[in-house]
Structure formats: C-alpha cells, structure tokens
Amino acid sequence: MLQEGEIRVRTDWISLDPAMRGWTTNKPSYMPPVQPGEVMRCFGVAEVLESRSKHFEAGDCVTGFMGVQTEGVLNQRGLRKIDLSFAEPKDYLAGLGMTGYTAYFGMTDIGKPQEGETVVVSAASGAVGSVAVQIAKLSRARVIGIAGGPEKCAYLKDSLGLDGVIDYKNESVNKGLKRECPDGIDLYFDNVGGETLEAVLSQINYQGRIVVCGAISQYGDIENARGPRGFMSVITQSVRIQGFTMKDYYNRIPEAFTYLLQAKINGDMKFREHVVEGIENFEEALAMIFRGDNHGKLLLKVNK
C-alpha cells in the first residue's frame, strides 16, 4: 500500500557512475553510504505505475535517485518529471542528465575557460569529460583531451574536434602535456587525480585553475587515497583549486538543461552512450568504468 507522497515505478534505465564506489564506503562524504542489505543507489529513469503524489500520475516518466531494481516504491522528493518530446529517456541520464550538468557547472561556473587559453581535460572521452571538452571548445579555448587507447583518442580528435590528445595507456602523460601544451596549462578539468594531476601541476601556468570533478584513479582504495606530489606549484604559481558536486547546483539544473539541449539542437554538442542490456549484468557493467572499457556515458537498460 502506497503512503501519501509515494509512487511505484518500473525502472527502465540506470546510470552507472564512478561515484557508486564511494557511496558504498563508510567514509564522510556528501551523501550517507549505502549499507549492506540496502538497495544500491543509482540515478535512473522510470515510468510511474501507481501514484499517491500530487506531482506525478501513472504514465509519467521520471528521473532522479532510484535503486538498482526492476520496480520500486519511491518518495516523490528528489524526483522530477521529464518531457519525452525533447529527448529520449536515456538522454536524461547522459548529456541531458547529471553527467552533462556536472560538466556544465564545473566548466562554466568554476573553470570559466577563455578564448585562447589552453584547457586540459582528463577522462576526456567519458561521460562528463566528453561534454566538458565540447563546452571548452565552444568558449574558443584550445582544448587537449587525455584518454586511454587509440579509439577513444581518435573520437576526441576526429569527432569532437579537439586540438590535441594524449593516450595515457601508450605514452607518458608528462611528455604528452609538454608536446600538446607548449605554452603551459591555464585550466585543468580533473576527473582522475593521481599521477595525471601531478603531471598537470608540474606544467600549470601562473594563476591557473584546477576544477576537481573526480579522482577515479583513487577510488580503488579510497581509505588510502593520497595527495599529489608537486603541490608546491599551487603556491608558486598562485593556482586556484576547487572541487564540487552536483549537490552545489541542484537549484540551477534548468539552466544547464537549457544550455545543453540548445547546443544539441544547434549541432554544437554530441553525446555518446555505451549501453549494456539486462539488470543481471549490473555488476560487470559497473566494473567496466574502473577498467576504462566504456566509450561514452555508461548506461544499463534494465530489460533486454
């Protein structure tokens, strides 16, 4: 029996994100951890089957925090109805969803790329990175992407029009940055942390900026995550470093959605998804992120 303010949904799409590893770790964070025995937290898109909410009715398509499950009962808080006349349901988990919003606010609100600046983005072919590099290009910056493998680097260069790429799996990031950024780095959008961040710090320009969006290289052992070497550059180069999560920007989601949708309609923005089918493949699909096997935003289609 539904309680007032609850809806019963059928989950159609699940977003697979690096943050899921952090959500299962008992360490202070921006959200409480998922405990053993609880349904795993995820972003998702679902159809409302039954409602006791004045905001939703049966047949509505909604997105927000859900669970890794085929059906579930959700509280109306934190959910929003999506308009399928604008885009497909899965788009609301990819370029027009939280990953797109993350790239938008991290790049435009914190990074603020300027024409002629050199901008470097790590995990540049991933869900957030691939949107971030395109936003930087629209700002007329010179954009360099770091990705793993020839296929991902070719996508960045040939499809997204980046000015340079570095294949961290087949070359030294430090040497690649020296080659692609002869005038140094003005803005770095960090998705990986670790040695890549260290390499950037050694080549950051005076009053450069670093946007800390993620640190996927450290997620395998969060309890023992280490800070970067070469941190003195932050002082000597007067570097500004700022981290963020989407928790900081929930009230501005319509702004990001409007920008990204218009850019997509204008042909200025490309989104790419990597779809795995079947909820039974959730565990293996999630592991793909940490191996770097996905090409674009990784989504799970719940039913084959």
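Quick caveat, the model's predicted, so the values are computed rather than measured. (Residues numbered from 1 in each chain as written. Predicted model: local features only at pLDDT ≥ 70, side-chain atom pairs only at ≥ 80, totals over all residues. Heavy atoms only, no water.)

1. With respect to helix 6 (residues 194-201)
Here's step 1: Helix 6 sits mainly inside the fold: 7 of its 8 residues count as buried.
Here's step 2: Residues of helix 6 that are buried: G194, T196, L197, E198, A199, V200 and L201.
Here's step 3: Against the buried residues of helix 6 lie strand 7 (142-147), helix 5 (173-180), strand 9 (185-190), strand 10 (204-212) and helix 7 (233-236). (Buried < 20%, exposed > 50% of the residue type's maximum accessible area, 1.4 Å probe, protein only. Helix = DSSP H or I, 4+ residues; strand = E, 2+ residues; numbered from the N terminus. Contact = heavy atoms within 4.5 Å.)

2. Remarks on the layout of surface pockets
Here's step 1: Estimated volume of the second largest pocket: approximately 300 Å³.
Here's step 2: In this structure, the second largest pocket is lined by 17 residues; those nearest its centre are R41, F65, M66, G67 and L74.
Here's step 3: Where the lining of the second largest pocket is concerned, the elements lending two or more residues are strand 3 (61-67) and strand 4 (71-75).
Here's step 4: Per-class residue counts for the lining of the second largest pocket are 10 nonpolar, 4 polar and 3 charged. (1 Å grid on protein atoms, 1.4 Å probe; cavity = no way out; pocket = protein on both sides within 12 Å on 5 of 7 lines; lining within 4 Å. Points joined across faces, edges and corners; volume = space filled by probe spheres on them. Nonpolar A, V, L, I, M, F, W, Y, C, P; charged D, E, K, R; others polar.)

3. Regarding unusual backbone geometry
Here's step 1: Positive phi is not limited to glycine here, since A123 has a value of about 50°.
Here's step 2: Of note, A123 is situated in the loop between strand 6 (118-121) and helix 3 (129-138).
Here's step 3: Positive phi, normally seen in glycine, also occurs at S238, with a value near 50°.
Here's step 4: One can find S238 in the loop between helix 7 and strand 11 (240-243).
Here's step 5: Overall, S238 belongs to the partly exposed group, its relative accessible area being 35%.

4. Points about the packing of helix 5 against helix 6
Here's step 1: For the pair helix 5 and helix 6, interaxial distance at closest approach is 9 Å and the crossing angle is 40°. Viewed along their axes, helix 5 and helix 6 adopt a mutual orientation that is oblique. Note on packing geometry: the crossing formed by helix 5 with helix 6 is right-handed. Facing helix 5, whose interface residues are V173, N174 and L177, helix 6 presents T196, A199 and V200.
Here's step 2: Its residues assigned to classes, the contact of helix 5 with helix 6 shows 4 nonpolar, 2 polar and no charged. (Axes fitted to C-alpha atoms, helices over the stretch in contact; angles between N-to-C directions. Parallel < 35°, antiparallel > 145°, perpendicular 65-115°, else oblique. Left-handed = near helix turned anticlockwise from the far one by under 90°.)

5. Observations concerning the pattern of salt bridges
Here's step 1: In this structure the tally under the stated criterion is 18 salt bridges.
Here's step 2: K81 serves as the salt-bridge partner of D60, at 3.4 Å between the closest nitrogen and oxygen. In this pair, D60 sits in the loop between strand 2 (41-51) and strand 3 while K81 sits in strand 5 (residues 80-81), placing the two residues 21 residues apart along the sequence.
Here's step 3: Residue D60 is classed as buried on the basis of its relative accessible area, which comes to 9%.
Here's step 4: Between R179 and E171 there is a salt bridge, with the nearest N and O atoms lying 2.8 Å from each other.
Here's step 5: Of the residues examined, R179 reaches a relative accessible area of 44% and is grouped as partly exposed.
Here's step 6: Relative accessible area serves as the criterion here: at 26%, E171 is assigned to the partly exposed category. (Salt bridge = Lys/Arg side-chain N within 4 Å of Asp/Glu carboxyl O.)

6. Looking at the sheet that holds strand 9
Here's step 1: A sheet is described by the order of its strands in space; here 6 strands give the open sequence 8-7-6-9-10-11, paired in parallel fashion. Looking along the sheet, the strands with just one partner apiece sit at the ends: strand 8 (164-167) and strand 11. Averaged over all pairs of adjacent strands, the angle between strand axes in this sheet comes to 15°, irrespective of strand direction.
Here's step 2: Bridge count between strand 6 and strand 9: 3 bridges; the pairing is parallel. (Pairing = 2+ DSSP bridges.)

7. Here we look at the side chain of Q134
Here's step 1: Of note, Q134 is situated in helix 3.
Here's step 2: Assessed through its relative accessible area of 6%, Q134 is described here as buried.
Here's step 3: Polar contacts involving the side chain of Q134 include one to the main-chain amide nitrogen of K270, which spans 2.7 Å. (Polar contact = N/O pair within 3.5 Å; in protein donor to acceptor, adjacent residues only side chain to side chain.)

Just geometry here; none of it tells us what the structure is for.
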